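Coordinate analysis (summary)
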Amino acid sequence: MRFNKERSRIAWLPRRKLDVGFNALSTLPSEISNLTSLRIFFALGNQFESIPTVMGALPSLYMMSFKSNKLTHIPEEALAPSVEWLILTDNKLTTLPRSIGRCPVRKLMLTNNRLGRLPDELAQCRSLEMIRLADNRLEALPAGFLALPKLAWMGLAGNPIVA
């Protein structure tokens, strides 16, 4: 299903939180970029196969969730440079974009995807405190990843790395 502005429940007014969950969406309108004060975005249970690049244009975005979609790809330019919480659980991701290393991400939820490896740039996420990687296909972690200064919790169950 494509996003239909006329039928949408979104009012194009300044807002800090936007929840478009369970709407069978697969795209977002470019006008989302006008929500410059948007801090929290939830798209739970939709049909997205890729995170729309318009998300990368949101300067205040703090938390972004595309949990339980059909994600197979994240474009390099789709991650907002301000995102600290990234929730991508229950998708079909096999890789992450290298641009994740430029994000001040603190919490990263990636459980139940198809990740075979993580980008080396993830070791540049010096603010990372928690990462959930259970039920993927990981065989190794990026060099320097375990030395991240704030990393306090990591879930790896269900990966070949712990077999």
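Computed from a predicted model, the values in this text were never measured in an experiment.

Time to look at the overall build of the chain. Within the chain, the regular secondary structure consists of zero helices and seven strands. The N-to-C order of helical and strand elements in the chain reads β-β-β-β-β-β-β. Compactness check: the chain gives a C-alpha radius of gyration of 16 Å against a globular reference of 15 Å for 163 residues, within 12% of the reference. Expressed along its principal axes, the backbone C-alpha trace of the chain runs to roughly 50 × 25 × 20 Å. The 163 residues of the chain split such that 46% are buried. In the chain, of all internal contacts separated by at least 6 residues, the share reaching a separation of at least 24 is 20%. Split by element, the accessible area of the chain, about 8100 Å² in all, is 50% carbon and sulfur. Side-chain charges of the chain comprise 21 positive and 13 negative groups, with the mean position of each set lying 5 Å from the other.

With respect to the secondary-structure elements, Asn159 resides in the segment after strand 7 (153-155). A relative accessible area of 4% means that Asn159 is categorised as buried. Among the polar contacts listed, one links the side chain of Asn159 to the backbone oxygen of Leu133, at a separation of 2.8 Å. A polar side-chain atom of Asn159 sits 3.2 Å from the main-chain amide nitrogen of Asn136. In this structure, Asn159 is in contact with Leu133, Ala134, Asp135, Asn136, Arg137 and Leu138, ignoring residues within four places of it in sequence.

This part is about the packing of aromatic side chains. According to the stated counting rule, one finds two aromatic pairs in the structure shown. Here Phe41 and Phe66 contribute two aromatic rings whose centre-to-centre distance is 5.5 Å and whose plane-to-plane angle is 40°, an arrangement assigned as tilted. Linking Phe41 in strand 2 (residues 40-42) with Phe66 in the loop between strand 3 (63-65) and strand 4 (85-87), this pair joins segments that are 25 residues apart in sequence. Ring geometry for Phe48 and Phe66: centres 5.1 Å apart, planes at 90°, overall edge-to-face. With a gap of 18 residues between them, Phe48 in the loop between strand 2 and strand 3 and Phe66 in the loop between strand 3 and strand 4 connect regions that are remote in the sequence. For the residue pair Phe48 and Phe66, the accessibility class agrees, reading buried in each case.

Spatially, 1-2-3-4-5-6-7 is the arrangement adopted by the seven strands of the open sheet, whose pairing is parallel. Bordering the open sheet on either side are strand 1 (17-19) and strand 7, each of which pairs with just one other strand. Between one strand axis and the next, the sheet turns through 5° on average, direction left out of account. By the bridge criterion, three bridges tie strand 4 to strand 5 (residues 107-109) in an arrangement that is parallel. Counterpart to Trp85 in the pairing with strand 5 is Lys107.

Definitions and cut-offs
Residues numbered from 1 in each chain as written. Predicted model: local features only at pLDDT ≥ 70, side-chain atom pairs only at ≥ 80, totals over all residues. Heavy atoms only, no water. Helix = DSSP H or I, 4+ residues; strand = E, 2+ residues; numbered from the N terminus. Rg over C-alpha atoms; globule rule 2.2 N^0.38 Å. Buried < 20%, exposed > 50% of the residue type's maximum accessible area, 1.4 Å probe, protein only. Contact = heavy atoms within 4.5 Å. Areas by Shrake-Rupley, 256 points an atom, 1.4 Å probe, with all protein chains shown as cover. Lys, Arg positive; Asp, Glu negative; His and termini not counted. Charge placed at Lys NZ, Arg CZ, Asp CG, Glu CD. Polar contact = N/O pair within 3.5 Å; in protein donor to acceptor, adjacent residues only side chain to side chain. Phe/Tyr/Trp six-rings, centres within 6.5 Å; stacked < 30°, edge-to-face > 60°. Pairing = 2+ DSSP bridges. Axes fitted to C-alpha atoms, helices over the stretch in contact; angles between N-to-C directions.

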